Amino acid sequence: FYLHYEAPEEEQNFAMVMEMLRAGSIEDEEEETDEDVVPEIKVGETWTVDGLWKITINSVTETEERDSYNDRENPEAVYIVDYTYENLGYKDEYSKGLGFDLDGVYSQIVDSDKEMGYHYYISNLNSVEPVPIGARKTVQTAIGVNHKGTFFILYERDIEDGEDEDEYNTKVYKAKFICEVKE
């Protein structure tokens, strides 16, 4: 419209059309933001999400214990991950607080050879349960891997951040927990 009706005659040309297209274009590549950076958390370090939670992996130890009823899985190694989570302000309408499950639906376990690891059942571990705001809990989970050595847990969780019921705004929180295994 501008070129045909409003631009001076000397600007009504192909070069001006190309300049206007270039100036109005949107780059395909997006800049990396802080939200794209996934923090790497090592044993003994704490991942804090202000106003929601903090979590610390206290230790990672190998165990010889196996589930005698499990004939499907035969991991090369089983590790007990001991960790503490604290509810700094997380609440939703479905639960009684924050439950932080490092081997559940929000997590992916990758072993030392980049093969997927998995939850491995061992009885008598202190299990995850929801904790109210201001409380914390130390729990253990067993991880089975097909290749011994340091593994990592990718954790990704979407949290609704809007107060308005009509808007479904979510924010994604991610961390990579490096579970170093001392040989």
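Let me begin by describing the structure that accompanies this report. (Residues numbered from 1 in each chain as written. Predicted model: local features only at pLDDT ≥ 70, side-chain atom pairs only at ≥ 80, totals over all residues. Heavy atoms only, no water.)

**As for the pattern of salt bridges**
Scanning the model with the defined rule gives 5 salt bridges in all. In this structure, Lys176 engages Glu40 in a salt bridge whose closest nitrogen and oxygen atoms are separated by 3.8 Å. Of this pair, Lys176 sits in strand β9 (residues 170-179) while Glu40 sits in strand β1 (residues 40-42), placing them 136 residues apart in sequence. A salt bridge links Lys182 to Glu180, with the shortest nitrogen-to-oxygen separation between them at 3.8 Å. Overall, the relative accessible area of 43% leaves Glu180 in the partly exposed class. (Salt bridge = Lys/Arg side-chain N within 4 Å of Asp/Glu carboxyl O. Helix = DSSP H or I, 4+ residues; strand = E, 2+ residues; numbered from the N terminus. Buried < 20%, exposed > 50% of the residue type's maximum accessible area, 1.4 Å probe, protein only.)

**Things to note about the pairing of strand β8 (residues 151-160)**
Where burial is concerned, the two faces of β8 differ: the one with Phe151, Ile153, Tyr155, Arg157 and Ile159 is buried and the one with Phe152, Leu154, Glu156, Asp158 and Glu160 is not. Sheet analysis places β8 next to β9, joined by 10 bridges and oriented antiparallel. In the strand pairing of β9, Glu156 is matched with Lys174. (Pairing = 2+ DSSP bridges.)

**A short note on the packing of aromatic side chains**
Considering all chains together, one arrives at 12 aromatic pairs under this definition. Arranged with centres 6.3 Å apart and planes meeting at 40°, the rings of Tyr83 and Tyr85 form a pair that is tilted. One exposure class covers both Tyr83 and Tyr85, and it is buried. Arg157 extends its terminal NZ or CZ atom over the ring of Tyr90, reaching a point 5.1 Å from the ring centre. Between the NZ or CZ atom of Lys176 and the centre of the ring of Phe152, over which it lies, the distance is 4.2 Å. (Phe/Tyr/Trp six-rings, centres within 6.5 Å; stacked < 30°, edge-to-face > 60°. Lys NZ or Arg CZ within 6 Å of the ring centre and 35° of its normal.)

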